[in-house]
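Descriptive analysis of the structure
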Amino acid sequence: MAQEVSSSLKARDEVRTLCPEDYHKGYCGLLSKLATVGDVSENQFVERVKFLQGKEEDYAVFVIEDTTKSTILATGTLLVEYKIIHALGKVGHIEDVVVHPEARGQGLGKRILLHLIAEARTRECYKVILDCAVDNRGFYEKVGMTEKERQMVLYF
């Protein structure tokens, strides 16, 4: 991101839902710190956000914005999976958690993660799960998560 981020986050800068205007606040640039985003136009971004807003029962993307700089500093996503097992239970999948490199160490990652966990509880999920790099395990353990099993993947 070209914009300089604040050295400290103001209390008024709360966790909120992703909105179409976040395209101009560096959202795609922030995600590129985590994975390849590709060439996403503003129109494509707006259409995707509107699509996701229509799926808000099952899909929620949250951000933390430095409102003094109109810059997105952190984000995370919650997907809800509906199960037959566990008495028709629901599982929350946490995805795409990332904090702007210049804003790390301010507790924003923990703040987004705790918000996602609380949202999963509100949606009556019986557990939340996520995949992370081995080097990031300690971060997730600090909020009470534990390592379980292994991830398998097949890319297309």
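Above: the structure in question.
Structure report, in brief. (Residues numbered from 1 in each chain as written. Predicted model: local features only at pLDDT ≥ 70, side-chain atom pairs only at ≥ 80, totals over all residues. Heavy atoms only, no water.)

**Quick look at the environment of K55**
As for its position among the elements, K55 is in the loop between α2 (42–53) and β2 (59–66). A sequence separation of 24 residues divides K55 from L79, and the C-alpha atoms of the two residues are 9.9 Å apart. (Helix = DSSP H or I, 4+ residues; strand = E, 2+ residues; numbered from the N terminus.)

**As for the packing of aromatic side chains**
Applying the stated criterion to the full structure yields three aromatic pairs. Here the aromatic rings of Y27 and F45 are separated by 5.9 Å at their centres, their planes lie at 55°, and the arrangement is tilted. Of the two residues, Y27 is situated in helix α1 (residues 27–31) and F45 in helix α2; the sequence distance between them amounts to 18 residues. Classification of Y27 as buried rests on a relative accessible area of 5%. Cluster of aromatic residues (ring-pair linked, three or more members): Y23, Y27 and F45. (Phe/Tyr/Trp six-rings, centres within 6.5 Å; stacked < 30°, edge-to-face > 60°. Buried < 20%, exposed > 50% of the residue type's maximum accessible area, 1.4 Å probe, protein only.)

**A word on the sheet that holds strand β1 (residues 15–17)**
Read across the open sheet, the five strands follow the order β1-β2-β3-β4-β5; overall the sheet is mixed. Edge positions in the sheet fall to β1 and β5 (127–130), since each of these pairs with one other strand and no more. Sheet twist, expressed as the average angle between the axes of neighbouring strands with direction ignored, equals 30°. Sheet topology note: the β2/strand β3 (residues 71–82) ladder contains eight bridges and is antiparallel. (Pairing = 2+ DSSP bridges. Axes fitted to C-alpha atoms, helices over the stretch in contact; angles between N-to-C directions.)

**Notes on the nonpolar core**
Residues I94, L108, I112 and L116 are the most contacted members of the largest nonpolar core, which totals 22 residues. At the level of elements, β2, β3, β4 (90–99) and α4 (108–122) are the ones that each hand at least two residues to this core. Here the element with the most residues in this core is α4; it accounts for six residues. Judged by nonpolar contacts, the second largest core, of 12 residues, contains L18, L30, L31 and F45. (Core = buried A, V, L, I, M, F, W, Y, C linked by side-chain atoms within 4.5 Å.)

**Here's the deal with α2**
The first and last C-alpha atoms of α2 sit 16 Å apart over 12 residues, in line with the 16 Å expected at 1.5 Å per residue. Along α2, the positions that sit buried rather than exposed are F45, V46, V49 and L52. Along the long axis of α2, the arc covered by the buried residues comes to 125°, so they all point the same way. Buried positions along α2 lie against α1 and β2. (Expected span 1.5 Å × (residues − 1). Arc of directions from axis to C-beta. Contact = heavy atoms within 4.5 Å.)

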